[in-house]
Amino acid sequence: GGQRSVEAGVAMADVMLPLILDNTSWKAFVEFLRAQMEFVELKDEAKQEMINRTREIIRANQHLKSIVAERKRIEERLTQLESIIEFANDAIMIHTLGGTIVSWNMGAVSVYGYSASDVLGRSRYMLVPQDQLDEVSGILKRLERGERIQLHEAVNIRKDGKRINVSITMSP
């Protein structure tokens, strides 16, 4: 459309205008037509640039959608794992390398008798008999070195003061 009509106008002007205009006016008109052609070409370049940028935005949007979808899948997976841990029959607790309890599941509530609010923020040592505190310190030092403790047999203390035998697996 637009390109053809400009070319037709130029062809017609090439034939007709020299007959009615002097040489200086003709040169000015030809320069005007060239400027219009360059404008049309620039317009086409601008359109192409806009098309290219739109494609980039679409690609970026698709990439962001895939990231969001992946994060949703991860969030769902974490929620599933959280439910598995929370409702496991085994006592599962998380503590810092310094021994501060930061997570306590329902299995730990039934095994030890403490609610999560009783233990969160407190020392893991509260579950250990006084005569075994050195043993726990040694285990925590091994964890600090990055070692994993597999099936360690120990004695812990429940909320009611009763001693219980436990098999512990820990990883840093």
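Higher on the page you've got the structure.
Residues numbered from 1 in each chain as written. Predicted model: local features only at pLDDT ≥ 70, side-chain atom pairs only at ≥ 80, totals over all residues. Heavy atoms only, no water.

**Focus on the overall build of the protein chain**
As a reminder, the rule being used: Put simply, DSSP H or I for four residues or longer makes a helix, DSSP E for two residues or longer makes a strand, and each gets a number counted from the N terminus. Partly exposed describes any residue whose relative accessible area lies between the buried limit of under 20% and the exposed limit of over 50%, with all areas from a 1.4 Å probe on protein chains only and scaled to the type maximum. Note on areas: Shrake-Rupley with a 1.4 Å probe; residue coverage comes only from the protein chains shown.
Looking only at helices and strands, one finds five helices and four strands in the protein chain. Element order for the protein chain, N to C, with α for helix and β for strand: α-α-β-β-α-α-α-β-β. Classification of the 172 residues of the protein chain by burial places 22% in the buried group. If you sum the accessible surface of the protein chain, you get close to 12600 Å²; carbon and sulfur atoms cover 56% of it.

**Focus on the pattern of salt bridges**
Any two side chains of opposite charge can pair, given that their charged atoms come close. We count it as follows: Throughout this description, the term salt bridge denotes a Lys or Arg side-chain nitrogen within 4 Å of a carboxyl oxygen of Asp or Glu.
Considering all chains together, one arrives at six salt bridges under this definition. In this structure, the salt-bridge partner of E70 is R73, at a minimum N-O distance of 2.7 Å. Of this pair, E70 and R73 both sit in helix α2 (residues 23-86), three residues apart, which is roughly one turn of that helix. Note on R73: relative accessible area 48%, which makes it partly exposed. Among the ionic pairs, K159 bridges to D118, the shortest N-O distance being 3.2 Å. Here the residue K159 occupies a position in the loop between β3 (149-157) and β4 (163-170), and D118 occupies one in helix α4 (residues 116-119), the gap between them amounting to 41 residues. Look at K159 and you get partly exposed, because its relative accessible area is 48%. Several salt bridges converge on common partners, so that one network encompasses R142, R145 and E147.

**A short note on helix α5 (residues 133-144)**
Our working rule: For a helix, the expected span equals 1.5 Å multiplied by the number of residues minus one. Working rule for contacts: check all heavy atoms of both residues, and any pair within 4.5 Å makes them a contact.
With twelve residues, α5 extends 17 Å from end C-alpha to end C-alpha; this agrees with the ideal 16 Å at 1.5 Å per step. Buried-residue contacts for α5 involve β1 (93-95), β3 and β4. Within two residues after α5, G146 carries a phi angle of roughly 95 degrees, on the positive side.

**A few points about the packing of aromatic side chains**
For the record, the criterion: Pairing of aromatic rings covers Phe, Tyr and the six-membered ring of Trp, with a centre-to-centre limit of 6.5 Å; geometry is then stacked below 30 degrees between planes, edge-to-face above 60, and tilted otherwise.
Within the structure shown, the criterion is met by one aromatic pair. Aromatic side chains W104 and Y112 sit 5.5 Å apart centroid to centroid with 45 degrees between the ring planes, which places their arrangement in the tilted category. Just as W104 is buried, Y112 falls in that class too.

**Regarding a nonpolar patch on the surface**
Going by this rule: Here a patch means residues that are over 30% exposed by relative accessible area and free of salt bridges, tied together within 9 Å if like-charged and within 5 Å if nonpolar (Val, Leu, Ile, Met, Phe, Trp, Tyr).
Together, I74, L78, L81 and I84 make up an exposed nonpolar region whose accessible area comes to about 360 Å². Relative to the assigned elements, L81 resides in helix α2.

**Topic: the pairing of strand β2 (residues 101-104)**
Consecutive side chains along a regular strand alternate between the two faces of the sheet. Operational definition: Pairing between strands is defined by DSSP: at least two bridges between the two strands are required.
As paired elements, β1 and β2 share three bridges and run antiparallel to each other. Its bridge partner being in β2, M93 is matched across the sheet by W104. Between β1 and β2, which pair antiparallel and follow one another directly, the connecting turn spans five residues, one of which, G99, has a positive phi of 100 degrees.

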